Amino acid sequence: MRAVVEVNLKAIANNIALIKNATSAEILAVVKADAYGHGLIPIAKCAIQSGATWLGVALLEEAFTLRESGVTTPLIAWLTPPSADFKAAIDSNIDLSIPSLRHLELVVAAGKAVGKTPRVHIEVDTGMSRGGLLGEWQEFLIAIKGADVEVIGFWSHFARADEPDEIANEKQLQEFEAKLTELREQGINPKYVHFANSAAILTNQTSHNDIIRLGISMYGLSPDVKTLGSSESLNLEPAMTLKAEVHLVKRVPAGSPVGYGGTQKTSRDTKLAIITMGYSDGIPRNTTSAAGVFIAGAKAPIIGRVSMDQFVVDLGPDSDAKIGDIAEIFGPLGYSIDDWAQAAGTINYEMVTRIATRVPRIYA
Ligand SMILES: *Cc1c(COP(=O)(O)O)cnc(C)c1O
């Protein structure tokens with residue numbers, strides 16, 4: 001085993017149960033980006049077994065993979081540029097998001113072509129200036145009235161839900177309500193209204209509506225460690241553990257430069273271990289010695305720059321670590337995903353999604 005991602009499905013199930021107990025909304029499990037790096041199909045199936053009644057992905061390709069593997073749960077794809085295969089999506093019973101008039105036209109045409117009414121969720125931009133209808137709204141209200149689509153949902157997305165006291169959240173909710181009222185005045189009454197991501201799920205009960213879109217917290221991670229607290233404080237259990245094999249262990253004298261550029265030198269006579277993962281596997285190149293691995297019962301910090309396929313850790317002079325040992329890179333024993341994110345100047349979302357597909361996923 002060169003390197004492996006271990007995914008604890010029980011943790012996923014527990015995290016969903018925790019969220020489910022605290023809401024009356026239906027749960028949409030967000031499984032985009034290969035289920036945040038945890039593996040699309042196993043996570044989707046686990047989420048459904050754990051009570052999720054919806055699935056959400058960004059891309060149609062992801063949605064097709066789910067349908068091809070026999071998943072029949074209601075499923076939304078929300079990032080579908082005009083070139084997306086809307087006909088195949090409608091054929092495969094995939095709900096489509098409508099963020100523009102152009103999308104509405106394309107989806108209506110695709111529905112006609114396949115002889116089936118498309119199921120759609122109208123997306124409104126309520127203050128993030130990213131996805132959703134904004135300037136075209138009034139025109140859209142007219143166009144949607146006669147359009148041959150089934151309006152299943154109405155939705156938006158928070159920009160700053162990880163700052164619960166931020167007034168921008170309240171403004172987004174007000175804008176959302178106003179637009180929903182205008183839509184209803186046209187006689188269109190979507191059955192499912194949805195807005196909340198993990199941060200809003202955890203902090204803002206009034207944003208839950210009919211469906212909550214649960215992403216990072218399903219995987220056991222805090223949407224923002226600084227403002228909302230750690231996984232532990234939120235009673236969430238991180239599902240992903242990353243491990244790799246020790247390629248070499250060697251003794252080096254004090255003052256030895258380590259890695260490309262010799263950016264760090266050993267501060268004493270010590271032992272180093274060479275770990276068989278690098279930036280091509282998703283280990284951030286700029287990770288500092290604030291992260292490292294857990295090996296032979298102790299933490300060993302990174303020393304020097306991360307290379308493409310390997311990095312080096314300082315074991316200390318007395319470590320019992322041996323060539324061929326398995327090092328935990330992040331997991332329950334040593335450094336957490338959040339420790340790594342901080343040491344690399346990024347967020348836990350990026351840490352888990354960037355682990356390359358060349359690293360196998362195994363499930364327990
Ligand atoms: C990714 C995503 C989510 C999930 O966000 P988390 O912060 O991971 O819970 C919800 N809704 C949309 C539209 C998304 O793209």
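Reading the values: rules and limits
Residues numbered from 1 in each chain as written. Predicted model: local features only at pLDDT ≥ 70, side-chain atom pairs only at ≥ 80, totals over all residues. Heavy atoms only, no water. Phe/Tyr/Trp six-rings, centres within 6.5 Å; stacked < 30°, edge-to-face > 60°. Helix = DSSP H or I, 4+ residues; strand = E, 2+ residues; numbered from the N terminus. Buried < 20%, exposed > 50% of the residue type's maximum accessible area, 1.4 Å probe, protein only. Lys NZ or Arg CZ within 6 Å of the ring centre and 35° of its normal. Axes fitted to C-alpha atoms, helices over the stretch in contact; angles between N-to-C directions. Parallel < 35°, antiparallel > 145°, perpendicular 65-115°, else oblique. Left-handed = near helix turned anticlockwise from the far one by under 90°. Contact = heavy atoms within 4.5 Å. Nonpolar A, V, L, I, M, F, W, Y, C, P; charged D, E, K, R; others polar. Expected span 1.5 Å × (residues − 1). Polar contact = N/O pair within 3.5 Å; in protein donor to acceptor, adjacent residues only side chain to side chain. Pairing = 2+ DSSP bridges. Core = buried A, V, L, I, M, F, W, Y, C linked by side-chain atoms within 4.5 Å. Domains from an automatic or database assignment. Near = heavy atom within 4 Å. Areas by Shrake-Rupley, 256 points an atom, 1.4 Å probe, with all protein chains shown as cover. 1 Å grid on protein atoms, 1.4 Å probe; cavity = no way out; pocket = protein on both sides within 12 Å on 5 of 7 lines; lining within 4 Å. Sits in = over half its atoms within 2 Å of the grid points.

1. Observations regarding the packing of aromatic side chains
Next up, step 1: With the rule as written, the count across this model stands at 10 aromatic pairs.
Next up, step 2: Ring geometry for Tyr 36 versus Tyr 219: centroids 4.6 Å apart, planes at 25 degrees, classification stacked. Here Tyr 36, found in helix H2 (residues 32-36), pairs with Tyr 219, found in the loop between strand S9 (211-214) and helix H10 (225-228); they are 183 residues apart in sequence, far enough to count as distant.
Next up, step 3: The exposure class assigned to Tyr 219 is buried, which follows from its relative accessible area of 1%.
Next up, step 4: With 6.3 Å between their ring centres and 35 degrees between their planes, Tyr 36 and Tyr 349 make a pair best called tilted. One end of the pair, Tyr 36, is in helix H2; the other, Tyr 349, is in helix H12 (residues 348-353), and 313 residues separate them in sequence.
Next up, step 5: Classification of Tyr 36 as buried rests on a relative accessible area of 6%.
Next up, step 6: These aromatic residues form a ring-pair network of at least three members: Trp 137, Phe 140, Phe 154, Phe 158, Phe 176 and Phe 195.
Next up, step 7: Of note, Lys 299 hangs over the ring of Tyr 335, and the distance from its end group to the ring centre comes to 4.8 Å.

2. Examining the packing of helix H3 (residues 40-49) against helix H4 (residues 60-68)
Next up, step 1: Contact geometry for H3 and H4: axes closest at 10 Å, N-to-C directions at 65 degrees. Here H3 is positioned roughly perpendicular relative to H4, judged by the angle of their axes. Classified by chirality, the crossing of H4 by H3 is right-handed. Touching Leu 40, Ile 41 and Ala 44 of H3 are Glu 62, Thr 65 and Leu 66, all from H4.
Next up, step 2: Here the residues of the contact of H3 with H4 sort into four nonpolar, one polar and one charged.

3. Overview of helix H6 (residues 101-114)
Next up, step 1: Relative to the 20 Å expected for 14 residues at 1.5 Å per residue, H6 spans 20 Å between its end C-alpha atoms, a close match to the ideal helical length.
Next up, step 2: Every buried residue of H6 is accounted for by Leu 101, His 103, Leu 104, Val 107, Val 108, Ala 110 and Gly 111.
Next up, step 3: Tucked into the core, H6 has its buried residues touching helix H5 (86-91), strand S5 (95-98), strand S6 (119-123) and helix H7 (137-146).
Next up, step 4: Measuring from the backbone nitrogen of Arg 102 back to the side-chain oxygen at the start of H6 gives 3.3 Å, which picks out Ser 100 as the cap.
Next up, step 5: Looking one or two residues past H6, Gly 115 carries a phi angle of roughly 70 degrees, positive in sign.

4. So, the pairing of strand S14 (residues 292-295)
Next up, step 1: As paired elements, S14 and strand S15 (residues 298-301) share four bridges and run antiparallel to each other. Bridge pairing in S15 places Ile 295 opposite Ala 298.
Next up, step 2: Remark: two residues form the turn of the hairpin made by S14 and S15, two consecutive strands paired antiparallel; Ala 296 in that turn has positive phi of roughly 50 degrees.

5. Regarding the environment of Leu 214
Next up, step 1: Among the structural elements, Leu 214 can be located in strand S9.
Next up, step 2: Each C-alpha atom of the pair Leu 214 and Val 249 lies 42 Å from the other, and the pair is 35 residues apart in sequence.
Next up, step 3: Not counting the four nearest positions on each side in its chain, Leu 214 is found in contact with Ile 16, Ile 19, Ile 27, Leu 28, Ala 29, Val 30, Ser 198 and Ile 201.

6. Concerning the nonpolar core
General note: in soluble globular proteins, nonpolar side chains tend to be found buried as a group.
Next up, step 1: Core analysis: the largest hydrophobic core is formed by 113 residues, its most contacted members being Val 31, Ile 122, Met 218, Ile 275, Phe 311, Ile 329 and Trp 340.
Next up, step 2: Three or more residues apiece are contributed to this core by two domains, here domain 1 (9-219) and domain 2 (240-363).
Next up, step 3: When residues no more than four places from it in sequence are discounted, the contact partners of Phe 311 are Ala 273, Ile 274, Ile 275, Met 277, Ile 283, Val 293, Ile 302, Val 306, Ile 329 and Trp 340.

7. Structural notes on the site of the ligand
Next up, step 1: Every residue lining the ligand is accounted for by Val 30, Lys 32, Tyr 36, Trp 78, Trp 155, His 157, Asn 197, Ser 198, Arg 213, Gly 215, Ile 216 and Tyr 349.
Next up, step 2: The backbone of Gly 215 places a nitrogen or oxygen atom 3.0 Å from an oxygen atom of the ligand.
Next up, step 3: At a separation of 2.7 Å, an oxygen atom of the ligand approaches a polar backbone atom of Ile 216.
Next up, step 4: Look at the ligand: alone it shows 390 Å² of surface, and the protein chains cover 93% of it.
Next up, step 5: Cavity membership is defined here by more than half of the atoms lying within 2 Å of grid points; on that basis the ligand lies in the largest pocket.
Next up, step 6: Across the shell around the ligand, the residue classes break down as six nonpolar, four polar and two charged.

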